[in-house]
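# Fold and contact review
Residue-level listing of the chains:
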Amino acid sequence: MKNKIYKTMDDAVADIPDGVTIFSPGFGGVGVPRNLLAALNRQGAKDLTGVSNNAGTVDEHVDIGTLVEAGQMKKMICAFTAATHPSQVTPFTKMYNDGEIDAELVPQGTLAERLRCAAAGIGGFYTPTSVGTELAEGKEHREFNGRMHVLELPLPGDYGLIRAWKADTAGNLVFRLTQRNFNPLMAMAATVTIVEVENDIVEAGELDPDLIHVAGIYVDRLVRIPEDGIWV
Amino acid sequence: MKNKIYKTMDDAVADIPDGVTIFSPGFGGVGVPRNLLAALNRQGAKDLTGVSNNAGTVDEHVDIGTLVEAGQMKKMICAFTAATHPSQVTPFTKMYNDGEIDAELVPQGTLAERLRCAAAGIGGFYTPTSVGTELAEGKEHREFNGRMHVLELPLPGDYGLIRAWKADTAGNLVFRLTQRNFNPLMAMAATVTIVEVENDIVEAGELDPDLIHVAGIYVDRLVRIPEDGIWV
Amino acid sequence: MAEKVKLERQAMCDRLAMEFQDGWIVNLGVGMPTLCSNYSDSSREIINHAENGVIGYGPLAKEGEEDRHLVNAGGQKVTPLPGMACVHHADSFMMIRGGMIDVTVMGAYEVSENGDFANWRIPSRKGGGIGGAMDLAAGAKRVFIAMEHTTRDGATKVLKKCTLPITAPGVVKMLVTDLGLFEITPQGFKLLEHAPGWSPEEIQEQTEAKLIIPDDLKEFRFRS
Amino acid sequence: MAEKVKLERQAMCDRLAMEFQDGWIVNLGVGMPTLCSNYSDSSREIINHAENGVIGYGPLAKEGEEDRHLVNAGGQKVTPLPGMACVHHADSFMMIRGGMIDVTVMGAYEVSENGDFANWRIPSRKGGGIGGAMDLAAGAKRVFIAMEHTTRDGATKVLKKCTLPITAPGVVKMLVTDLGLFEITPQGFKLLEHAPGWSPEEIQEQTEAKLIIPDDLKEFRFRS
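Here the residue numbering is sequential within each chain, running from 1 through the sequence in written order. Chain labels run from A onward and ligand labels from 1 onward, assigned in the order the entries are written. Residue-level local features of this predicted model are given only where pLDDT is at least 70; pairs of side-chain atoms are given and counted only at 80 or more, and the full residue set underlies all totals for whole chains, interfaces and linings. Excluded from the side-chain calculation are hydrogens and water; included are all heavy atoms of the structure.

### Details of the overall build of chain A
Helix and strand labels come from DSSP, where a helix needs a run of H or I of at least four residues and a strand needs a run of E of at least two; each type is numbered from the N terminus. The helix and strand inventory of chain A stands at six helices and 12 strands. Compactness check: chain A gives a C-alpha radius of gyration of 18 Å against a globular reference of 17 Å for 232 residues, within 12% of the reference. Along the first, second and third principal axes, the C-alpha atoms of chain A reach 50 × 40 × 30 Å. Residues scored as charged are limited to Lys and Arg (positive) and Asp and Glu (negative), so that His and the chain ends carry no count. In plain terms, the charge of a residue is placed at NZ if it is Lys, CZ if Arg, CG if Asp and CD if Glu. Put simply, chain A has 20 plus and 31 minus side-chain charges, and the middle of one group is 3 Å from the middle of the other. Here the radius of gyration uses the C-alpha set of atoms, whereas the globule reference equals 2.2 Å times the residue count to the power 0.38.

### A short note on the overall build of chain C
Along chain C, the regular secondary structure elements total four helices and 13 strands. Taken along the three principal axes of its C-alpha coordinates, chain C extends 50 × 40 × 30 Å. A 1.4 Å probe rolled over the protein chains alone gives each residue an accessible area, and that area as a share of the maximum for its type sets the label: buried under 20%, exposed over 50%, partly exposed in between. Split into buried and exposed, the 224 residues of chain C put 61% on the buried side. Across chain C, contacts joining residues at least 24 apart in sequence account for 64% of those joining residues at least 6 apart. Here the open area of atoms and residues is found with the Shrake-Rupley method and a 1.4 Å probe, where only the protein chains shown may cover a residue. Surface exposure of chain C reaches about 9000 Å², of which carbon and sulfur atoms provide 49%. On chain C, the mean spot of the 24 positive side-chain charges and the mean spot of the 30 negative ones are 5 Å from each other. In this analysis, two residues are considered to be in contact whenever any of their non-hydrogen atoms come within 4.5 Å of each other.

### Some thoughts on the nonpolar core
Within the largest apolar cluster, 197 residues are counted, with the highest numbers of intra-cluster contacts made by Phe20 and Phe117 of chain C together with Phe117 of chain D. Counting residues per element, this core draws most heavily on helix H5 (residues 108–120) of chain B, which supplies six residues. Here, nonpolar core refers to any group of buried Ala, Val, Leu, Ile, Met, Phe, Trp, Tyr and Cys residues whose side-chain atoms link them within 4.5 Å.

### Section: the interface of chain A and chain C
Contact with chain A, which involves 45 residues of that partner, is made by 38 residues of chain C. Here chain A meets chain C over a buried area of about 3400 Å², counting both sides, of which 59% is carbon and sulfur. When two parts are brought into contact, each loses some accessible area as probed by a 1.4 Å sphere; the total of that loss over both is the buried area. When the buried area of chain A at its contact with chain C is split by residue, Phe27, Leu177 and Thr178 of chain A rank highest and sum to 17% of it. Criterion for a salt bridge: a side-chain nitrogen of Lys or Arg within 4 Å of a carboxyl oxygen of Asp or Glu. At the boundary of chain A with chain C, the tally comes to four salt bridges. The shortest N-O distance in the salt bridge between Glu113 of chain A and Arg97 of chain C comes to 3.5 Å. Throughout this description, a polar contact denotes any pair of N or O atoms lying within 3.5 Å of each other; where both atoms belong to protein, one of them has to be capable of donating a hydrogen while the other can accept it, and for residues adjacent in sequence the pair is counted only when both atoms sit in side chains. There are 22 residue pairs in polar contact (both at pLDDT 80 or more) connecting chain A and chain C. Among the elements that take part in the side of chain A that touches chain C, helix H5 (residues 108–119) of chain A stands out by supplying six residues, more than any other. Three classes are used: nonpolar for Ala, Val, Leu, Ile, Met, Phe, Trp, Tyr, Cys and Pro, charged for Asp, Glu, Lys and Arg, and polar for all others, with Gly counted as polar. Class assignment for the residues of the side of chain A that touches chain C results in 21 nonpolar, 16 polar and eight charged.

### Remarks on the pattern of salt bridges
When charged atoms on two side chains of opposite charge get close, those side chains can pair. In the structure shown here, the tally under the stated rule is 42 salt bridges over all chains. For Glu193 of chain D, the salt bridge identified is with Arg15 of chain D, shortest N-O distance 2.7 Å. One end of the pair, Glu193 of chain D, is in strand S12 (residues 188–194); the other, Arg15 of chain D, is in helix H1 (residues 9–17), and 178 residues separate them in sequence. No difference in accessibility class separates Glu193 of chain D from Arg15 of chain D, as the two residues are buried. Each member of the salt-bridge network shares a partner with another, and the members are Arg163, Glu196 and Glu198 of chain A together with Arg68 of chain C.

### Some words on the interface of chain D and chain B
Chain D puts 38 residues into the contact, and the matching count from chain B is 45 residues. At the boundary of chain D with chain B, total buried surface from both sides reaches about 3400 Å², with 58% on carbon and sulfur atoms. For the chain D face of the interface with chain B, the top three residues by lost area are His69, His89 and Lys126 of chain D, together amounting to 21%. The interface formed by chain D and chain B includes four salt bridges. Where Asp67 of chain D meets Arg176 of chain B, a salt bridge forms, and the shortest distance between an N and an O atom there is 2.6 Å. At the junction of chain D and chain B, the tally comes to 22 residue pairs in polar contact (both at pLDDT 80 or more). Tallying contributions element by element places helix H2 (residues 89–97) of chain D first for the side of chain D that touches chain B, with four residues. Of the residues in the side of chain D that touches chain B, the class split is 18 nonpolar, 12 polar and eight charged.

### Quick look at H5 of chain B
Residues and elements named next belong to chain B. The first and last C-alpha atoms of H5 sit 18 Å apart over 13 residues, in line with the 18 Å expected at 1.5 Å per residue. For H5, the complete set of buried residues consists of Gln108, Gly109, Thr110, Leu111, Ala112, Glu113, Arg114, Leu115, Arg116, Cys117, Ala119 and Ala120. Downstream of H5 by one or two residues, Gly121 has phi in the positive range, about 65 degrees. Multiplying 1.5 Å by the residue count of a helix minus one yields the expected span of that helix.

### Observations regarding the environment of Thr49 of chain B
All names here are of chain B. Structurally, Thr49 can be placed in strand S2 (residues 48–51). Residue classification places Thr49 among the buried residues on the basis of a relative accessible area of 9%. Residues Thr49 and Asp59 lie 10 residues apart in sequence; the distance between their C-alpha atoms is 22 Å.

### Some words on the sheet that holds strand S9 (residues 158–159) of chain C
Read across the sheet, three strands follow the order S7-S6-S9 (chain C) without closing on themselves; strand pairing throughout is mixed. Looking at which strands have only one partner, the edges of the open sheet turn out to be strand S7 (117–118) and S9 of chain C. Strand pairing is assigned whenever DSSP detects at least two bridges linking the two strands.

### Comments concerning the pairing of strand S6 (residues 141–144) of chain B
Residues and elements named next belong to chain B. Pairing analysis gives four bridges linking S6 to strand S7 (residues 147–152), with the strands arranged antiparallel. Bridging from a neighbouring strand, Glu143 pairs with Met148 of S7. From the end of S6 to the start of S7, which pair antiparallel, there are two residues, and Asn145 there has a positive phi angle of about 55 degrees.

### What about empty space enclosed by the protein?
Think of a 1 Å grid over the protein atoms and nothing else: a 1.4 Å probe that fits but is trapped marks a cavity, an open set flanked by protein within 12 Å on at least five of seven lines marks a pocket, and residues with an atom within 4 Å of a point count as lining. Grid points are joined across faces, edges and corners, and a volume is the space filled by probe spheres set on the points. Summed over all chains, the structure comprises four cavities of 30 Å³ or more. Counted as a void, the largest cavity has a volume near 390 Å³. Lining the largest cavity are 29 residues, with Arg180 of chain A, Arg180 of chain B, Asp91 of chain C together with His88 and Asp91 of chain D sitting closest to its centre. Elements supplying a minimum of two residues to the lining of the largest cavity: helix H6 (183–189) of chain A, helix H6 (183–189) of chain B, helix H2 (89–97) of chain C together with H2 of chain D.

### Quick word on the state of the cysteines
What counts as a disulfide here is a pair of cysteine sulfur atoms lying within 2.5 Å. Throughout the structure, instances matching the rule amount to zero disulfides over all chains. The structure places no disulfide on Cys36 of chain C, whose sulfur is separated from the nearest cysteine sulfur, that of Cys13 of chain C, by 4.1 Å.

### Concerning the sheet that holds strand S6 (residues 110–112) of chain D
Spatially, S7-S6-S9 (chain D) is the arrangement adopted by the three strands of the open sheet, whose pairing is mixed. Since the sheet does not close on itself, it has two edges, and those belong to strand S7 (117–118) and strand S9 (158–159) of chain D, each with one partner.

### Description of the packing of H5 of chain B against H2 of chain D
Note on geometry: axes are lines fitted to C-alpha atoms, helical ones only across the stretch in contact, with angles between N-to-C directions running from 0 to 180 degrees. Contact pair H5 of chain B / H2 of chain D: the axes reach a minimum separation of 9 Å and the direction vectors enclose 125 degrees. Judged on the interaxial angle alone, H2 of chain D and H5 of chain B are oblique. For H5 of chain B against H2 of chain D, the interelement crossing comes out left-handed. Together, Gln108, Gly109, Ala112, Glu113 and Arg116 of chain B of H5 of chain B and His89, Ala90, Phe93 and Arg97 of chain D of H2 of chain D make up the contact between the two elements. What sets the label is the angle itself: under 35 degrees gives roughly parallel, over 145 gives roughly antiparallel, 65 to 115 gives roughly perpendicular, and the rest give oblique. Rotating anticlockwise by less than a right angle from the far helix to the near helix defines a left-handed crossing, while the corresponding clockwise rotation defines a right-handed one.

### Description of the environment of Cys13 of chain C
By secondary structure assignment, the location of Cys13 of chain C is in helix H1 (residues 9–17). Spatially, the C-alpha atom of Cys13 of chain C lies 9.2 Å from that of Thr177 of chain C, the residues being 164 residues apart in sequence.

### Concerning the pairing of strand S2 (residues 48–51) of chain A
Residues and elements named next belong to chain A. Here S2 shows a buried face lined by Leu48 and Gly50 and a second buried face lined by Thr49 and Val51. Across three bridges, strand S1 (residues 21–23) lies against S2 in parallel orientation. Directly across from Phe23, in S2, lies its bridge partner Val51. The handedness of a crossover follows from its direction of travel: if, with the strands pointing away from the viewer, the path from the first strand over the helix to the second runs clockwise, the crossover is right-handed. Following the chain from S1 across helix H2 (residues 34–43) to the adjacent parallel S2, one finds a crossover that is right-handed. Note that S2 and strand S3 (residues 73–78) share four bridges and pair parallel. For Gly50, the partnering residue across the bridge sits in S3 and is Met76.

Here it is, written out as structure tokens:
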């Protein structure tokens, strides 16, 4: 079996070049690949496009906002390009207002479905979400079953940085509770999938085949989060 | 909590009217809701449209072919409307040749995706499957990313007859190995979802939230397969 | 005339939560709408859904009892209830667009008499915060809005036509503000209940849209 | 000249299986192609995928060791291997259309020199049996075909143009028959290896399409 285990986060992201698209999952601070993002921040790749639910938060945690603040991102594709509350000014907010970073705003369900669409080899899909709003302007409209829809396209990515609860040497992944969120979709939609794991990576065969959330064929690299890594 | 548990298979299918669309999952003889199909056969509803991977097999097991043979089905939507081997002549084969039943042939992956599409509130999707073949004739074609696709539409259904390994009183379902196949999709895409369960139905809270394959909100009726029921 | 009282946010959300029916699957938006979960009625069971794929979760976790892997749509630590299940984000929005959510409660900047509402973008600021709002507005069976009746500057938010970019057209079924409970009918806003001490005329004064005042107008009920 | 030998089906499938590379994800069609799984080479690991959502399964189960919940695409009871995972049908076809399958091996009625093949419908019979063949043909990185070179009546199945309704256009990369191993190149069928005792001219006689005969034509290899 091909060895998928990398010793350090830095090793696992070492070859990520400038200019690629990075998936960064997580929701409400849970399931964020903070160790891999910290490593990518150290590694210094730039001109990156990021796909994430938001463009970083106001807290001190490492997230995609850390790379935004460091000037590594040229564009963010996410469901929040402004905070719902004006008090939450992030590094992204300032840079976006100053024209230093580009952004594409996508409804969260459409974002999830576009990721799945890319992973599923589907050319595009029609959703009722955003019809009648500013975001639907310029999009192709079409009625199905008496209801208007807009056409949405797949959102593929080059590198998926993933946070999982358990993994085995075959790359099979298990998530815990709401840690799952965007993680399985981004693991499946990325060309290269790199996973930080919260538990020891077990031998293939030790995970129940019915319990696996992402099949190992989607996973290229696994790193166990070290004791002194970022946990929360 | 609403009681979803029915005492008998017959009770669980008693109200299925004539003329509706029935989902019948299963693949390779595994995960087929044989007890519910037997009950629906006894119940006698007719003019049904069936959605299933095939239109019944040549063996003696109860499956959708039992209802076909009994004249209850007016149409089958499936991935096989002729056996790959000419020796496998089913009741459906004869009736289809004689014009006594209608059929729609759908590639298996498109069938699965159309079910998901219905459950996901998606208006339609583009797939490369079937492009350049007889089955794509008359379908809308469109190029994405240099590749031709055809437009496919959702496949909703009225009643999903489902076979599961475990269930809890909230309706959460767990499948075992390849029993899963079409079951989760049909459970999610049906208006009314009726499940035969191979194990005792446990109290809500006894199943691991991370292990559940179909959330209970999709499930309306549960019946434990009795000891003298159909197991294989 | 009794003393004029504007409703507290909790009271507003209690009133909306009273409308939830036994067995409903409910998605509560971040902020004020989450207060709906504080209203309890032992005669009915509500199933909470959040965008991040948790269905059937329970109350906020007490300090010291948090599970770092279990949060609601606002990122708050919540507790599991028996029967809870977790799915990934695409499966979670299958539930939303697929019509499994009986009601979603959201906050808004504006609501108009045709059922439009706006809650994701202020043109004076660049970008917007949609989250799952557009999917929920398009997919849930019912959209309820909870918001203050006027801005801090006193401008009404209950309008003939939204001035801000809308989140979805024509979907709002019910609105609660600190002044009243409104049903959105084909004819426009119908005032169902008023805050204590407020006359229909006084509420109309705070409202751009023309209100329908029924004969059986009631004062706010706080318990069903 | 050595005695003419037509290859047995197992030998044909062994030869195709020799082409599988370490780590490949392989989907074997029902019938003859499943024989590919009998070829073993300890220097490489093959991951078996079946349409019903099992990935990483092992050999056929011995009598008495069957698990009634674990079957391959042909409904045969198989055994689990360490690392096996199960998904539902839509997720399984995500893998197929999404390009995760390195090779699919299928049987066919006909293959033509432009890479078309036909395996789902005979116009003289009503209906067809597609199963997952069209999805696999459209989605897998490589399509290999294993079939007899001629029908029982002696008609060739290796054609300039398919006469039967095709399963997918232009996707076949490699073909094994009982007479030879063929690569489908932009110029048409290239005979890579011949059955023992068969000259290229004799194989051409059994073939409608014009064969490209390379200088380094070899006899069939049965072991890599």
